[in-house]
Amino acid sequence: WIRRAAELGLPVAWNDLGVMYMEGWGVATNERKAVECYERAARDGEPLAQCNLAELYFYGRGSVQRDYGEALRWFERAAHRGLPKAQYHLANMYARGLGVDKDLKESLKWLHLAASQDYPPAQCDLAEALLTATPPHEQDARGLLLRASRLRFAPAQRRLEELDKGSKQEPTKP
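Everything quoted here is computed from the prediction, not taken from an experiment. (Residues numbered from 1 in each chain as written. Predicted model: local features only at pLDDT ≥ 70, side-chain atom pairs only at ≥ 80, totals over all residues. Heavy atoms only, no water.)

Our focus in this paragraph is the side chain of Asn15. Its place among the elements puts Asn15 in helix H2 (residues 11-23). Excluding anything up to four places from it in sequence, Asn15 contacts Tyr38, Ala41, Glu46, Leu48, Ala49 and Asn52. (Helix = DSSP H or I, 4+ residues; strand = E, 2+ residues; numbered from the N terminus. Contact = heavy atoms within 4.5 Å.)

Moving on: helix H6 (residues 84-96). At 3.6 residues per turn, the α-helix brings residues three or four places apart onto the same side. With 13 residues, H6 should reach 18 Å at 1.5 Å per residue; the first-to-last C-alpha distance of 18 Å fits that figure. Listed as buried for H6 are Pro84, Ala86, Gln87, Tyr88, His89, Leu90, Ala91, Met93 and Tyr94. Looking at the buried positions of H6, the neighbouring elements they touch are helix H4 (47-59), helix H5 (68-80), helix H7 (104-116) and helix H8 (120-132). Of the residues trailing H6, Gly97 is marked for its positive phi of about 70 degrees. (Expected span 1.5 Å × (residues − 1). Buried < 20%, exposed > 50% of the residue type's maximum accessible area, 1.4 Å probe, protein only.)

Residue Pro135 follows Thr134 across a cis peptide bond; omega there is -5 degrees. Positive phi outside glycine occurs at Asp118, with the angle close to 60 degrees. Residue classification places Asp118 among the partly exposed residues on the basis of a relative accessible area of 38%. Although it is not a glycine, Arg152 sits at a positive phi angle of roughly 65 degrees. Topologically, Arg152 is positioned in the loop between helix H9 (138-150) and helix H10 (154-168). Accessibility expressed as a relative area gives 71% for Arg152, which makes it exposed.

The full count for this structure, using the stated rule, is four aromatic pairs. Within the aromatic cluster, the residues linked to one another by ring pairs are Phe58, Tyr59, Tyr68 and Phe75. Of note, Arg77 hangs over the ring of Trp74, and the distance from its end group to the ring centre comes to 4.6 Å. (Phe/Tyr/Trp six-rings, centres within 6.5 Å; stacked < 30°, edge-to-face > 60°. Lys NZ or Arg CZ within 6 Å of the ring centre and 35° of its normal.)

Further remarks concern the pattern of salt bridges. All chains considered together, the criterion is met by 10 salt bridges. Measuring nitrogen to oxygen at the nearest pair gives 2.7 Å for the salt bridge that ties Arg32 to Glu36. Of this pair, Arg32 and Glu36 are both found in helix H3 (residues 31-43), four residues apart, which corresponds to roughly one turn of the helix. Among the residues examined, Arg32 registers a relative accessible area of 47% and is labelled partly exposed. Connected through shared salt-bridge partners, Glu128, Arg159 and Glu162 make up one network. (Salt bridge = Lys/Arg side-chain N within 4 Å of Asp/Glu carboxyl O.)

Let us now look at the environment of Gly82. For Gly82, the location among the structural elements is in the loop between H5 and H6. Note: C-alpha distance between Gly82 and Pro135 (53 residues apart in sequence) is 31 Å. Not counting the four nearest positions on each side in its chain, Gly82 is found in contact with Gln87 and Gln117.

On inspection of all chains with the given rule, the structure shows zero disulfides. Considering cysteine sulfurs only, Cys51 is the nearest to Cys37, which forms no disulfide, with 17 Å between them. There is no disulfide at Cys124, and the cysteine sulfur nearest it, in Cys51, is 18 Å away. (Disulfide = S-S within 2.5 Å.)

And the structure:
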């Protein structure tokens, strides 16, 4: 039925069909067909497909060669449509200067947007930025980590445990 929905022109169905081909779910794995499906859905404005296609370019997966410029272009489209996963990837590209000039202010903008939509990896990265800021903003960082923990994101749970252990230790004497 997904194939039929795609043939009827539903971009989300083209994305789902791409996932099926990429992962071999219910069909034989075919990376070339997966890319074609993602491209069709992405051109039609489907943010999940735009993000999936961007990831292929970012990692150089399947029949797609690594191309940070193309990854950036597709992540930007999905991010502007409000997809937190794409916003998170875009933040990392700006932070690391991949396919774009390094821009920490722009990175934090996208990280904030993704974190505000309860995307746990973004919440953890933003929490780390707050913890390493001068001065540190531990209360705000803990709040983000707690939100991510409630979504059962294990790295956030571990980081909260580390912070709790650190705050319970006796101060060292000079």
